[in-house]
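Inside the fold
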Amino acid sequence: MPQLATWIASSVQVCGLYPFTIGSARPAVGVPLGADLTNWSLVYGDPVTWFMVGFISNPSAMIFGLPGLGKSTLVIRWLIGLADRGYPPMVLGDIKGEYSATIRALGGEVIEVAPGKCTINPLDLGALMYAAKRIGGEVGASLIEQAIEQSSTLVIALARLVRGKALQDYEETLVTLGVQAAHQLLDDPDLRDLIAVIEAGTANPELMSATVSYSTKQYQKATMGLLRTLRSILQGPMGVMFNGKTTVQIRMDNPGGVSVDLSGMRRADKKVLAGVMIATWAHGFAAMDAQWELAKAFPETEKCVNPFVVQDELWKPMSLAPGLAGLIDQVARTNRHEGVAEVRITHSPKDAQALPTREDRVAAMGFAEKAGMLVLFGLAKNDLRALDDTSISLNEKEFEHVASWRSPRSFRTRRNRNGRPKPPPGAGKALIKVAAATGIAVQTVIVAEEVRLHDTNERWTQPKRRRTRDEESFEQANHTWSSRPSRRRAREGEAA
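A few points on the structure. Please read all numbers here as calculations on a predicted model, not as lab measurements.

1. Topic: the overall build of the protein chain
Helix and strand content of the protein chain: 21 helices and eleven strands. For the protein chain, long-range pairs separated by at least 24 residues make up 73% of all intrachain contacts whose partners lie at least 6 apart in sequence. Entry remark: accessible area of the protein chain is about 26400 Å², with carbon and sulfur atoms responsible for 52%.

Listed below in structure tokens is the structure:
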């Protein structure tokens, strides 16, 4: 409910204000967020509802903000509100595990991905192959082609991660032709089968032609680098996740949504984590495409689903190799034509400036420019100036507002009733921008249930284990023994 501002005045003054009406130009549709920081009216908004009523041109949002200021809190509010409106959440790659409790509370499925728990086959055609077999005909053949293309893109992305740079053009062609040949020869090929197909390429005219080789020796020389890279995926750090068949599948039939929890991989090699994130996005969007085609082919039994997709920590995989920003955009394409809404989250617009090539930087900033809605939490002034090179413009007042929300808390102890430290002064304050319109400054307000479900400091707030009597007796005995020396030494110890 709106928490309106309160004023106190004499009865002589107040009578002139009756009937206390107040106007607001703020949208009154969407998920309720909190109070407008300018007139304290209630602010509603989310990418799906605003797209459906025509406020924004595509159902997407981009969120920037420093850690601890409320980015994931806002996303959880959207997850709950949109799930209630019939748009199931899909969290594709939850690195911190901060969305799992909410998805479980909504009745959704949480898939825990970690070394030793599951493996991912980059050549697995997954949900698209399942849909193709059910539908058949031209649509089925088209879905198989799409699945093979997406599988090839995923293998190329993993190869770029391992190599640390882009593949040669003919190497990308070899991967694509090799994936096609592997699926023609086998029902469920994996990376080992792809390597075997490329190694035996002298018997395949297409592979020989792709490398412009006229002898076995020339072909072996041309493919040596690619084979080394593919073997590094299998036998190097990535092998723990990508050397095997796919053991988990992302399903679209749960109204409570699904979350792929990667918190068990936080200490994994950064390239392994990035590879799993990209694979999760690829398989997740393939599942959405498959469900959409099944709903069109079998409207009586299959439900059309418009999911709300969350892509958090977007900067992690993009910075590890040239060209990955464009590949991520290709793997995780989503817009109004796909029937998918999404929110992408990262810390700062400056993350894009650290990418290795100009093409990557342009692709990364394109995520923000193409988003229907831009949400800015507290940022440093130099972070905000990184937006000057884009089509996104902030006026002076908006600039100062967002910069002020990152101001440090005072050194005075401030605690809530439950004993926990109060959040920083700028926590929950966000500026919602749509195109060139003036931004809406809002203070998001959360309820007790959301606080319980989303505790990012869980390890710090767990009750401490009480000492046993034996431990207390042992400590007391040690204290007694150590206090026996002279009073002078005891005083020296206290002073130290």
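Let's pick the thread back up.
2. Looking at the sheet that holds strand 9 (residues 373–376)
With respect to topology, eleven strands assemble into an open sheet ordered 2-1-11-10-9-3-8-7-4-6-5, the strand pairing being mixed. Both outer strands of the open sheet, strand 2 (42–44) and strand 5 (109–112), are each paired with one neighbouring strand and no more. Pairwise comparison of adjacent strand axes, ignoring direction, gives a mean angle of 25° for this sheet. Of the strand pairs in this sheet, strand 5 and strand 6 (residues 258–261) are connected by four bridges, and their pairing is parallel. Residue pairing for strand 6: Val 110 is matched across the bridge by Ser 259. In the packing of helix 15 (residues 358–370) onto the sheet, contacts are made with strand 3 (60–64), strand 8 (341–346) and strand 9, and the angle to strand 3 comes to roughly 115°.

3. A few points about unusual backbone geometry
For Val 212, which is not a glycine, the phi torsion comes out positive at approximately 50°. Here Val 212 lies in the loop between helix 9 (205–210) and helix 10 (216–235). Residue Val 212 is classed as exposed on the basis of its relative accessible area of 55%. Positive phi values are uncommon outside glycine, yet Ala 435 reaches one of about 55°. Topologically, Ala 435 is positioned in the loop between strand 10 (429–433) and strand 11 (440–444). The exposed category is assigned to Ala 435, whose relative accessible area is 70%.

4. Comments concerning the environment of Val 340
With respect to the secondary-structure elements, Val 340 resides in the loop between helix 14 (324–331) and strand 8. With a relative accessible area of 6%, Val 340 lands in the buried category. Sequence spacing of Val 340 and Phe 308 is 32 residues, and the spatial spacing of their C-alpha atoms is 6.4 Å.

5. Examining the side chain of Thr 102
Assignment of secondary structure puts Thr 102 in helix 4 (residues 100–105). Setting aside its immediate chain neighbours within four residues, Thr 102 contacts Ile 76, Ile 80 and Leu 453.

6. A closer look at the environment of Ala 147
The topology assignment puts Ala 147 in helix 6 (residues 137–163). C-alpha separation for the pair Ala 147 and Gly 126, spaced 21 residues apart in sequence, amounts to 8.0 Å.

7. Notes on the side chain of Gln 311
Structurally, Gln 311 can be placed in strand 7 (residues 308–311). Judged by relative accessible area, Gln 311 falls into the buried class, the value being 0%.

8. A short note on the nonpolar core
If you look at the biggest cluster of nonpolar residues, it comprises 98 residues, and the most contacted ones within it are Val 113, Phe 242 and Leu 376. Broken down by element, this core gets its largest block of residues, 15 residues, from helix 12 (residues 270–297). For Phe 242, the contacting residues outside a window of four places in its chain are Ile 120, Pro 122, Leu 158, Leu 191, Ile 233, Leu 234, Gly 275, Val 276 and Ala 279. Membership of the second largest hydrophobic core comes to 33 residues, among which are Trp 78, Tyr 87, Met 373 and Ile 440.

9. What to know about the packing of aromatic side chains
If you walk through the whole model with that rule in mind, you get two aromatic pairs. Judged by centre distance (5.8 Å) and plane angle (80°), the rings of Trp 50 and Phe 55 are edge-to-face. Judged by relative accessible area, which is 40%, Phe 55 ranks as partly exposed. Residue placement shows Arg 134 over the ring face of Phe 298; its charged tip is 4.6 Å from the ring centre. Cation over ring: Arg 344 sits above Phe 367, and NZ or CZ is 4.2 Å from the ring centre.

10. Some thoughts on the pattern of salt bridges
The full count for this structure, using the stated rule, is 14 salt bridges. Ionic pairing is found between Arg 163 and Glu 171, a salt bridge with its closest N-O pair at 2.8 Å. Of the charged contacts in the structure, one is a salt bridge between Glu 342 and Arg 344, with a shortest N-O distance of 3.5 Å. When sorted by exposure, Glu 342 lands in the same class as Arg 344, which is buried. Taken together, the shared-partner salt bridges in this structure form one network comprising Arg 104, Glu 112 and Lys 117.

11. A few points about empty space enclosed by the protein
One pass over the structure, following the stated rule, counts five cavities of 30 Å³ or more. Here the largest cavity is characterised by a volume of approximately 120 Å³. Forming the walls of the largest cavity are Ile 111, Val 113, Ile 120, Thr 246, Val 248, Gln 249, Ile 250, Val 260, Ala 279, Thr 280 and His 283. No other element matches helix 12, which puts three residues into the lining of the largest cavity.

Rules used in this analysis
- Residues numbered from 1 in each chain as written.
- Predicted model: local features only at pLDDT ≥ 70, side-chain atom pairs only at ≥ 80, totals over all residues.
- Heavy atoms only, no water.
- Helix = DSSP H or I, 4+ residues; strand = E, 2+ residues; numbered from the N terminus.
- Contact = heavy atoms within 4.5 Å.
- Areas by Shrake-Rupley, 256 points an atom, 1.4 Å probe, with all protein chains shown as cover.
- Pairing = 2+ DSSP bridges.
- Axes fitted to C-alpha atoms, helices over the stretch in contact; angles between N-to-C directions.
- Buried < 20%, exposed > 50% of the residue type's maximum accessible area, 1.4 Å probe, protein only.
- Core = buried A, V, L, I, M, F, W, Y, C linked by side-chain atoms within 4.5 Å.
- Phe/Tyr/Trp six-rings, centres within 6.5 Å; stacked < 30°, edge-to-face > 60°.
- Lys NZ or Arg CZ within 6 Å of the ring centre and 35° of its normal.
- Salt bridge = Lys/Arg side-chain N within 4 Å of Asp/Glu carboxyl O.
- 1 Å grid on protein atoms, 1.4 Å probe; cavity = no way out; pocket = protein on both sides within 12 Å on 5 of 7 lines; lining within 4 Å.
- Points joined across faces, edges and corners; volume = space filled by probe spheres on them.

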